Amino acid sequence: LPEYAFIGRSNVGKSSLINMLTGRKSLAKTSGKPGKTQLINHFLINKNWHLVDLPGYGYARVSKSSKKTFQKFITQYFSFREQLVTAFVLVDIRHKPQPIDLEFMQWLGENGIPFSIIFTKADKLKPSAITRHVEDYRNILLEFWEAMPNYFITSSSKDIGKEELLGYIDNLNANMELS
Ligand code: GDP
């Protein structure tokens, strides 16, 4: 089955987003405590694709060795990614583009892994600020890439972006079945 990977900094709102997408409150554990998702979890959605929940990166208070372990983990996942269609990189809409996220996107690009961006916690900003922050990303990414990747603006607490995201994935799946 086709696979879609979800990844981002610790505390970006990944568990909440996964719960929104799956419509189940208890599936992915959310917490205010960063660094909670430790292992790779797979969720079967609509019986026709897998959502892959990758561990959060960039948690400041972890040791060098656990950072290494994480990197190995992620690198390994992406090296054996036969089923992977797209990675979704989650970023908190409230923050300016962060080096760690940009570096990760760069790494995906260099390794030929398609990705889209999911902006999270959109309920925390006014629409004008959302537009501004997306523009900041666009400006930086266009220094490296020819086009801005696909992106989605979401809020798990306000149930925003769910249909758009699921529709996007369904479309990709349908196109793959055709080809
Ligand atoms: P994870 O570490 O990336 O899995 O992040 P979580 O899903 O556990 O969320 C981290 C924190 O952000 C929690 O306190 C959530 O309640 C909060 N959060 C997550 N998504 C949203 C959102 O869409 N809006 C708001 N306001 N808070 C959110």
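This is a predicted model, so every value here is computed, not measured.

1. What about the pairing of strand E4 (residues 84-92)?
- The buried fraction of E4 amounts to nine of the nine residues, a majority that puts the element mostly inside the structure.
- Taken together, the six bridges between strand E1 (residues 3-8) and E4 define a ladder with parallel strand orientation. In the sheet register, Glu3 faces E4, and the bridge partner there is Leu84.
- Here E4 pairs with strand E5 (residues 115-120) via six bridges, running parallel. Bridging across to E5, Ala87 finds its partner in Phe115.

2. Digging into the packing of helix H1 (residues 14-22) against helix H5 (residues 162-178)
- Look at H1 against H5: their axes get within 10 Å of each other, and the N-to-C directions meet at 75 degrees. In terms of their interaxial angle, H1 and H5 are classed as roughly perpendicular. Counting all contacts with H1, which are made through Leu17, Met20 and Leu21, the residues of H5 involved are Lys162, Leu165 and Leu166.

3. Considerations on the site of the ligand
- Taken together, 14 residues lie near the ligand, and Lys14, Ser15, Ser16, Asp123 and Ser156 sit nearest.
- A distance of 2.6 Å is found between an oxygen atom of the ligand and a side-chain nitrogen or oxygen belonging to Ser16.
- Interatomic distance of 2.9 Å between a side-chain N/O atom of Ser157 and a nitrogen atom of the ligand.
- Protein chains bury 79% of the 580 Å² of accessible surface belonging to the ligand in isolation.
- Residues that form the shell around the ligand fall into these classes: one nonpolar, nine polar and four charged.

4. Section: the packing of aromatic side chains
- One pass over the full model with this rule turns up 14 aromatic pairs.
- Ring centres of Phe6 and Phe88 lie 4.9 Å apart, and the angle between their planes is 35 degrees; on these two criteria the pair is classed as tilted. Of this pair, Phe6 sits in strand E1 while Phe88 sits in strand E4; the two residues are 82 residues apart in sequence, bridging distant segments of the chain.
- Counting every residue linked through ring pairs, the aromatic cluster contains Tyr4, Phe6, Trp49, Phe88, Phe152 and Tyr168.

5. Let's talk about the packing of helix H3 (residues 99-110) against helix H4 (residues 127-144)
- At their nearest, the axes of H3 and H4 sit 12 Å apart, and the two run at 40 degrees to each other. As the angle between them shows, H3 and H4 are arranged oblique. Handedness of the H3/H4 crossing: right-handed. Here Asp101, Leu102, Met105 and Gln106 of H3 lie close against H4, whose contacting residues are Tyr137, Ile140, Leu141 and Phe144.

6. Looking at the environment of Trp107
- Positionally, Trp107 belongs in helix H3.
- Given a relative accessible area of 27%, Trp107 falls into the partly exposed group.
- Each residue touching Trp107, except ones within four places of it in the same chain, is listed here: Thr75, Phe78 and Ile113.

Rules behind the numbers
- By convention here, each chain's residues receive numbers from 1 onward along its written sequence.
- For this predicted model, a pLDDT threshold of at least 70 governs which residues receive local features, and a threshold of 80 or more governs which side-chain atom pairs are given and counted, while totals over whole chains, interfaces and linings are taken from all residues.
- To obtain the side-chain values, all non-hydrogen atoms of the structure were included, while hydrogens and water were left out.
- Summary of the burial criterion: residues with accessible area below 20% of their type's maximum are buried, those above 50% are exposed, and those between are partly exposed, where the area comes from a 1.4 Å probe applied to protein chains only.
- Here a strand is any run of E in DSSP of at least two residues, a helix any run of H or I of at least four, and the numbering for each starts at the N terminus.
- Strands were regarded as paired on the criterion that DSSP finds at least two bridges between them.
- Here an angle of 0 to 180 degrees is reported between the N-to-C directions of two axes, which are lines fitted to C-alpha atoms, with helices fitted over the stretch in contact.
- Any angle between 65 and 115 degrees counts as roughly perpendicular, while under 35 counts as roughly parallel, over 145 as roughly antiparallel, and the rest as oblique.
- By definition, residues are in contact when any of their heavy atoms lie within 4.5 Å.
- One heavy atom suffices: a residue is near a molecule or strand as soon as one of its heavy atoms comes within 4 Å of it.
- In protein, a polar contact means a hydrogen-donor-capable atom and an acceptor-capable atom, both N or O and within 3.5 Å, with residues adjacent in sequence counting only if both atoms are side-chain atoms; elsewhere, any N or O pair within 3.5 Å suffices.
- Areas reported as accessible are Shrake-Rupley estimates using a 1.4 Å probe. Residue values count occlusion only from the protein chains shown.
- Note on residue classes: Ala, Val, Leu, Ile, Met, Phe, Trp, Tyr, Cys and Pro are nonpolar, Asp, Glu, Lys and Arg are charged, and everything else, Gly too, is polar.
- Note on aromatic contacts: the rings of Phe and Tyr and the six-membered ring of Trp form a pair at centre separations within 6.5 Å, being stacked when their planes are under 30 degrees apart, edge-to-face when over 60 apart, and tilted otherwise.
- The crossing is said to be left-handed when, going from far helix to near helix, the turn is anticlockwise and less than a right angle, and right-handed when the turn is clockwise.

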